[in-house]
Amino acid sequence: MYRLKVLLIKEWRESLRNKMVLFGVIFLPLILVGTSVFMLTTGIAEEDPIAQVVLFNTSLMYFMLLPAIIPLAIAVYSIVGEKEQTTLEPLLATPISDTELFLGKALASVIPAVLVNWISFGLFLGVTRLLVGGFLLQTLTLPWLASIFGLTPLLALFSVGVTMIVSSRASDARAAYQFSSLAILPGLVPLIVYSSMKTIVDMRLILLEAVLLAVAGAVVLYFAIKLFRREQILTRWK
Amino acid sequence: MITATGLTRKFGELTAVDKLDLHIERGEVFGFLGPNGAGKTTTIRMLSALIAPTSGSATIAEKTLGKDNRAIRQRVGVLTETPGLYKRLSAWDNLLFFARLYRIDRPEQQAEKYLKLFELWDRRNGLTGTFSKGMRQKLALARALLHEPEILFLDEPTAGLDPEAAKMVRELIESLRSKERTIFLCTHNLDEADRLCDRIALFKSRLLTVGDPQSLRERMYGRRTVVHLANPDPGIEGHLNLPFITKTEWIDGRLLVSLSDPETENPILVRKLVELGADVQFVSELKVSLEDLYLDLMEGNHVST
C-alpha cells in the first residue's frame, strides 16, 4: 500500500498544477454554490419562502451531480496525461502492481471528488443559513442526507470506472473528456426520480438506488480492471 | 545475467520477435542493433517484464520471467525510447516519485547523487516541461539508474544529447561495466556500439548474428591487407603464388589481399612483392566499419572469405 500512497500523492501534486483540473475540481463547485445561493436570495425567492424551499431542494440536486462530474476532470488527465507525456512505460517498468496502479488512479479521482462535494455542500448549507435563515435547513430530510453522503461516493466510483474505460481507448484528453461525460447519466436518474415527485423519496428508495448504483459500479469497474492490465495498457494505450 | 530461450512475441499475425536465444554475462555491455520496427523495443519490454512473451522463456538476474516479474522490475532499470517525464513536476519530484516506487532506502540522497552526476542539481526545482531535450534525456537516465539496478536496458541513451553529454553517458556506461552492471544497449549509433559493446547482436525480428565486433568482422569479411604500391601492376597478383592468400583484388589502385593471419603472413607477402619488383609504400589492415557490416547483414549481403 506504500506505493499506492506514493502514486496518490504524485497524482494530486500533478493535478494541483493543472489549470483544467483545478477549474473542474475547485471552481465548478464554487460556481454552483454561488449560483444556488444567488437564486435563493434574489428575485421571486427573496419574498416567497415556498419558492425558497423549492429552489433549495433543486440546489441540493447539484450535489448529487457534482461527484460524477468532478472525477472526470482528474481521471481523464490522470490516465490520458500518462499517455500524452509518454510516462506510462517508465511507470509500468517499476515494481508497482496492477492493483496498486488501478486503485491509485481511481482513488486519486474519487477521494477529492467526494471530499470537495461534501465541503461544497457544507459551504452551501452554511451560507444559506447565514443569508436566508435556518428554516430551509429543517427541510433537509434524512433521505437527502443519505443521498449526498451515501450515494455520491458510489456515483463517483461509477464515473471513474467509465472514465478509465473511455480513457484507455481515447487518443487524447479532449476526446476522453467528451465520451466520459456519459458517466454523469446515472447521477441524473435519482434527480429525475426526486423531481418528478411521483414516488416518495424515503430510505427504501435510497437503498434501492444504492444497490442499483453498486451493481452498475461493480460492472463498470470489472471491465475497467479487465482493461487495466499492464500489457493492455502498454500495447493498446497509444 | 540474462538468458532467453526461444523467446517469441506475436501481435496477431505479426511476429515481432521470433525465437530469440540470448545469453548475456554479468558486467557485459551488449549491443542490440537493428532497423526501426525490428522488434528491439518489444525485446526490451519482454526482458524487463513489461509484456509477456507468446512463447519461450527467460531468466533475468536469476529470476524467472512470468513468475517473478515484480522482482525482475525491481532489479532492472529501463531507459525508454522517449524520456517520459512528468512535465508538471520538477526534476526533483520526478526522481523522488520513482525512487519511492522502487522503495529505495534513502530516496533523497539517491536523487541528489544522480542529479549532481548529470549536472542537473541547479535545475532540480525546475518543471521538466521547461527542460531541453538533452536535459530530459539526462534526467530519464538518472531515473533508470536511481535504484542501482543490476541490469540496465538503454534504448538510444545518447539520442538528443550534445557531444559533451553523449561522451559523459558513454563514460558512465564504461564505469557501470567496471561495477559489474549488465547493460543491454539499443542504439543506431554504430560507432558508439563499436566502442562500447563487448558483444553486439544484429537483429531483425530474429537474431541474425551475435559476437564481439572484431570477430564479427572477421567472420563476415575475413582479414584483409591493403598494399599501396608506387607502380601498381595488375599483373603482379598472378605471380604471388602464396598458399595462404585466399583472394586478391584491386581497389582504387591498391592491392587488397585476403588472408587469415596477417601478423605472420604480411612479412612474407611484402618480401614476395619486393622480389617481384614492386615498390611497397604502405601496408595496412583493411578495417570494415560496423556500419558496413550492419548494412550488409540487413540487406542480406553476406560477404565471407
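Look up: the structure comes first, before these words.
These numbers come from a predicted model, not from an experiment. (Residues numbered from 1 in each chain as written. Chains lettered and ligands numbered in written order. Predicted model: local features only at pLDDT ≥ 70, side-chain atom pairs only at ≥ 80, totals over all residues.)

Q: Summarise the overall build of chain A; cite the residues concerned and give the values.
A: A tally of helices and strands in chain A yields 12 helices and 0 strands. Listing the helices and strands of chain A from first to last along the sequence gives α-α-α-α-α-α-α-α-α-α-α-α. When burial is assessed residue by residue, chain A has 42% of its 238 residues classed as buried. (Helix = DSSP H or I, 4+ residues; strand = E, 2+ residues; numbered from the N terminus. Buried ≥ 20, exposed ≤ 12 C-beta atoms within 10 Å, placed from the backbone.)

Q: So, the overall build of chain B: which residues are in play, and what are the values?
A: Secondary structure summary: chain B contains 10 helices and 14 strands in total. Across its three principal axes, chain B shows a C-alpha extent of roughly 75 × 45 × 30 Å. Burial analysis of chain B (305 residues in total) assigns 39% to the buried set. Within chain B, residue pairs in contact and separated by at least 24 positions form 69% of the contacts whose partners lie at least 6 positions apart. (Contact = placed C-beta atoms within 7 Å.)

Q: I'd love a proper account of the packing of helix α1 (residues 2-16) of chain A against helix α3 (residues 91-101) of chain B, names of residues and values included.
A: Contact geometry for α1(A) and α3(B): axes closest at 9 Å, N-to-C directions at 160°. With respect to their mutual orientation, α1(A) and α3(B) come out roughly antiparallel. Where α1(A) crosses over α3(B), the handedness of that crossing is left-handed. Every residue of α3(B) that contacts α1(A) at Arg3(A), Val6(A), Lys10(A) and Arg13(A) is listed here: Asp93(B), Phe97(B), Arg100(B) and Leu101(B). When its residues are assigned to classes, the contact of α1(A) with α3(B) shows 3 nonpolar, no polar and 5 charged. (Axes fitted to C-alpha atoms, helices over the stretch in contact; angles between N-to-C directions. Parallel < 35°, antiparallel > 145°, perpendicular 65-115°, else oblique. Left-handed = near helix turned anticlockwise from the far one by under 90°. Nonpolar A, V, L, I, M, F, W, Y, C, P; charged D, E, K, R; others polar.)

Q: I'd like to hear about helix α6 (residues 98-131) of chain A, residue by residue, with values.
A: The end-to-end C-alpha separation of α6(A) is 49 Å, in line with the 50 Å expected for 34 residues at 1.5 Å each. Looking one or two residues beyond α6(A), the residue adopting positive phi is Gly133(A), at roughly 125°. (Expected span 1.5 Å × (residues − 1).)

Q: Explain the interface of chain A and chain B to me, using residue names and the numbers behind them.
A: Interfaces are often sized by the accessible area lost when the parts come together. Each side of the interface is counted separately: chain A has 23 residues, and chain B has 25 residues. Where the side of chain A that touches chain B is concerned, the elements lending two or more residues are α1, α5 (88-92) and α12 (230-236) of chain A. No other element matches the 6 residues that α1(A) contributes to the side of chain A that touches chain B. Grouping the constituent residues of the side of chain A that touches chain B by class yields 8 nonpolar, 7 polar and 8 charged.

Q: So, the pairing of strand β2 (residues 14-24) of chain B: which residues are in play, and what are the values?
A: Residue and element names in this part refer to chain B. Judged from the 7 bridges that link them, strand β1 (residues 2-11) and β2 form a sheet pairing that is antiparallel. Paired with phenylalanine 11 across the strands is leucine 14, a residue of β2. Where β1 folds back onto β2 in an antiparallel hairpin, the turn is made up of 2 residues, including glycine 12, whose phi is positive at roughly 65°. (Pairing = 2+ DSSP bridges.)

Q: If you had to explain the pairing of β1(B) to someone new, which residues and values would you point to?
A: The sheet contact formed by β1(B) and strand β4 (residues 55-60) of chain B spans 5 bridges and is antiparallel. Along β4(B), the bridge assignment pairs Ala4(B) with Ala58(B).

Q: For the packing of helix α2 (residues 19-41) of chain A against helix α4 (residues 49-84) of chain A, give the residues involved together with the corresponding values.
A: Residue and element names in this part refer to chain A. Interaxial distance between α2 and α4 falls to 9 Å at its minimum, and their mutual angle equals 175°. It follows that α2 is roughly antiparallel to α4 by the angle criterion. Residues Met20, Val21, Gly24, Val25, Leu28, Pro29, Leu32, Ser36, Met39 and Leu40 of α2 form the contact with α4, whose own contacting residues are Gln52, Leu55, Phe56, Ser59, Tyr62, Leu66, Ile69, Ile70, Ala73, Ile74 and Tyr77. Its residues placed into classes, the contact of α2 with α4 shows 17 nonpolar, 4 polar and no charged.

Q: Tell me what's going on with the sheet that holds strand β12 (residues 247-251) of chain B, and back it up with residues and numbers.
A: Residues and elements named next belong to chain B. Taken in spatial order, the 4 strands of this open sheet run β12-β13-β11-β14, and their pairing is antiparallel. Across the chains shown, the open sheet's two edge strands, defined by having one partner strand only, are β12 and β14 (280-285). Strand-to-strand twist across the sheet, computed as the mean angle between neighbouring axes with direction ignored, equals 20°. Of the pairings in the sheet, the one linking β12 to strand β13 (residues 254-259) comprises 5 bridges and is antiparallel in character. Counterpart to isoleucine 251 in the pairing with β13 is arginine 254.

Q: Report on the sheet that holds strand β8 (residues 182-186) of chain B, specifying residues and quantitative values.
A: Residues and elements named next belong to chain B. A sheet is described by the order of its strands in space; here 6 strands give the open sequence β6-β7-β8-β3-β9-β10, paired in mixed fashion. Strand pairing shows two members of the sheet lacking a second neighbour, β6 (76-79) and β10 (206-211), which therefore form its edges. Taken pair by pair, the neighbouring strands of this sheet meet at an average axis angle of 15°, ignoring direction. Here 4 bridges tie strand β3 (residues 29-33) to β8, and the two strands are oriented parallel to one another. For phenylalanine 30, the partnering residue across the bridge sits in β8 and is phenylalanine 184. Sheet strands in contact with helix α6 (residues 163-178) are β3, β7 (151-155) and β8, and its direction is about 145° off that of β8.

Q: Just give me the short version of the nonpolar core, but keep the residues and values in it.
A: Considering soluble globular proteins, one finds that nonpolar side chains tend to be buried as a cluster. If you look at the biggest cluster of nonpolar residues, it comprises 130 residues, and the most contacted ones within it are Leu47(B), Leu95(B), Ala142(B), Phe153(B), Phe184(B) and Leu185(B). For this core, the element with the highest residue contribution is α4(A), accounting for 19 residues. The contacts of Phe184(B), once residues within four sequence positions are left out, are Ile2(B), Ile24(B), Phe30(B), Phe32(B), Ile44(B), Leu47(B), Ile151(B), Leu152(B), Phe153(B) and Leu154(B). Residues Val227(B), Val257(B), Leu269(B) and Leu273(B) belong to the second largest nonpolar core, which totals 6 residues. (Core = buried A, V, L, I, M, F, W, Y, C linked by C-beta atoms within 7 Å.)

Q: Tell me about the environment of Arg230(A), residues and numbers included.
A: Along the chain, Arg230(A) turns up in helix α12. Among the residues examined, Arg230(A) registers 20 C-beta atoms within 10 Å and is labelled buried.

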